[in-house]
Amino acid sequence: MTTAASHDLIRLVDRNPSISGAEIASELVPPPQFAHASFDSYRPDHDFASQQAALDRLNQFAGAWRAAQRPGGFFSRKRPARIELPGVYLDGGFGVGKTHLLASLWHVAHGPKYFGTFIEYTALVGALGYAQAVDLLRGAKLICIDEFELDDPGDTMLMTRFLGELMASGTRVAATSNTPPNALGEGRFAAADFLREIQALSSNFETLRIDGLDYRRRDTEGRSTTLDSEADVAAKAAALAARGHGVSLDTFDGLISHLATVHPSKYVKLLDGVEFIALSGVHELSDQNAALRLVAFIDRVYDAEVPIIASGLALDQVFDADMMAGGYRKKYLRAMSRMIALTTGELPPHD
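Here the structure is a predicted model, which means the values were calculated and not measured.

It is worth spelling out the packing of helix 11 (residues 252-259) against helix 13 (residues 288-303) at this point. Following both chains from N to C, one finds helix 11 and helix 13 inclined at 90°, their axes separated by 9 Å at the closest point. In terms of orientation, helix 11 and helix 13 fall into the roughly perpendicular class. Counting all contacts with helix 11, which are made through Phe252, Leu255, Ile256 and Leu259, the residues of helix 13 involved are Ala290, Arg293, Leu294 and Phe297. Taken together, the residues of the contact of helix 11 with helix 13 sort by class into 7 nonpolar, no polar and 1 charged.

To continue, consider the pattern of salt bridges. A complete count under the given rule lists 12 salt bridges for this structure. Here Glu206 and Arg57 are joined by a salt bridge, their closest N and O atoms 3.0 Å apart. Placement of Glu206 in strand 5 (residues 205-210) and of Arg57 in helix 2 (residues 49-61) is noted, with a sequence separation of 149 residues between them. For Glu206, a relative accessible area of 23% puts it in the partly exposed group. In this structure, Arg334 engages Asp299 in a salt bridge whose closest nitrogen and oxygen atoms are separated by 2.8 Å. Note that Arg334 is positioned in helix 15 (residues 329-344) and Asp299 in helix 13, a separation of 35 residues in sequence. By relative accessible area, Arg334 is classed as buried at 3%. When salt bridges with common partners are traced through the structure, they connect Glu147, Asp299, Arg334 and Arg338 into a single cluster.

This next bit is on unusual backbone geometry. Phi is positive for Glu147, which is not a glycine, with a value near 65°. Relative to the helices and strands, Glu147 resides in the loop between strand 3 (142-146) and helix 7 (153-168). Despite not being glycine, Glu305 shows a phi value in the positive range, around 55°. Considering the arrangement of structural elements, one finds Glu305 in the loop between helix 13 and strand 8 (308-312).

How each quantity is defined
Residues numbered from 1 in each chain as written. Predicted model: local features only at pLDDT ≥ 70, side-chain atom pairs only at ≥ 80, totals over all residues. Heavy atoms only, no water. Axes fitted to C-alpha atoms, helices over the stretch in contact; angles between N-to-C directions. Helix = DSSP H or I, 4+ residues; strand = E, 2+ residues; numbered from the N terminus. Parallel < 35°, antiparallel > 145°, perpendicular 65-115°, else oblique. Contact = heavy atoms within 4.5 Å. Nonpolar A, V, L, I, M, F, W, Y, C, P; charged D, E, K, R; others polar. Salt bridge = Lys/Arg side-chain N within 4 Å of Asp/Glu carboxyl O. Buried < 20%, exposed > 50% of the residue type's maximum accessible area, 1.4 Å probe, protein only.

Take a look at the structure:
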């Protein structure tokens, strides 16, 4: 670009961030759109009774923390009944409010507490090492895991062992996962898969099913929006930068290559000061490792509520047929849902 505004543009590919264990832990909080999530602000869909049932049960699960915060604490006459299990698992499809409920539970918990996606916790272990990661989170009253993933046996075994050590020391755990609605061959429920894969811990979890519609698709046509050309993307990026916004401008290939050089735990730091992401030349991916890195990056972009402007192929079409038929299908479907929201301006107030 030759315009003066080009000096204000950010290039993600020029960023090589570092992040410490303490910084990673400090990021383990609900994303901005859930900073004020509460049980009271959750609006269950009355067409799906399981949403109200899950809300009521989580209120009970949180009762012990509320009792501790009331005058008289645990010795109050209104102390709730003891929760039999230390873990709760929210099982449901995309966009039915699981993350809102999970964040609401986190907000009412007292003492040390952490909230992150499955990928963020595995990134923490990868960045610090297993023993140091356990020591960092030991003593937590609550650990919330959003989007527990079952498609990588190694990561699942790692997290099962990790959680087992923490739960043995008194930590409660709440987790969610995604089950794509009407996904052929995948069944309606993920709970059976979850409990089978974490069998060493399965007896510690109560499963709450949450049915409903994906709000991210309610007001969209189900396809990411795209601009006509690279020049259109550059012009849009320059115009936003000229108005004082933090805008990154990169090629799709450049970003995909750069993500391979940055540990996933550091993806969040790539977004510092970025209010809009502009990408040119989006095309279908055939390398699964590249696709999985993109999924992890999109998770961070979605949490940070950073809209994407792109040219080329619609972003939700970047995963090829073999990927969509493979073991990571659920992960790709989640990313597709999020990329639709990020490119259409339909970023929701809660998940």
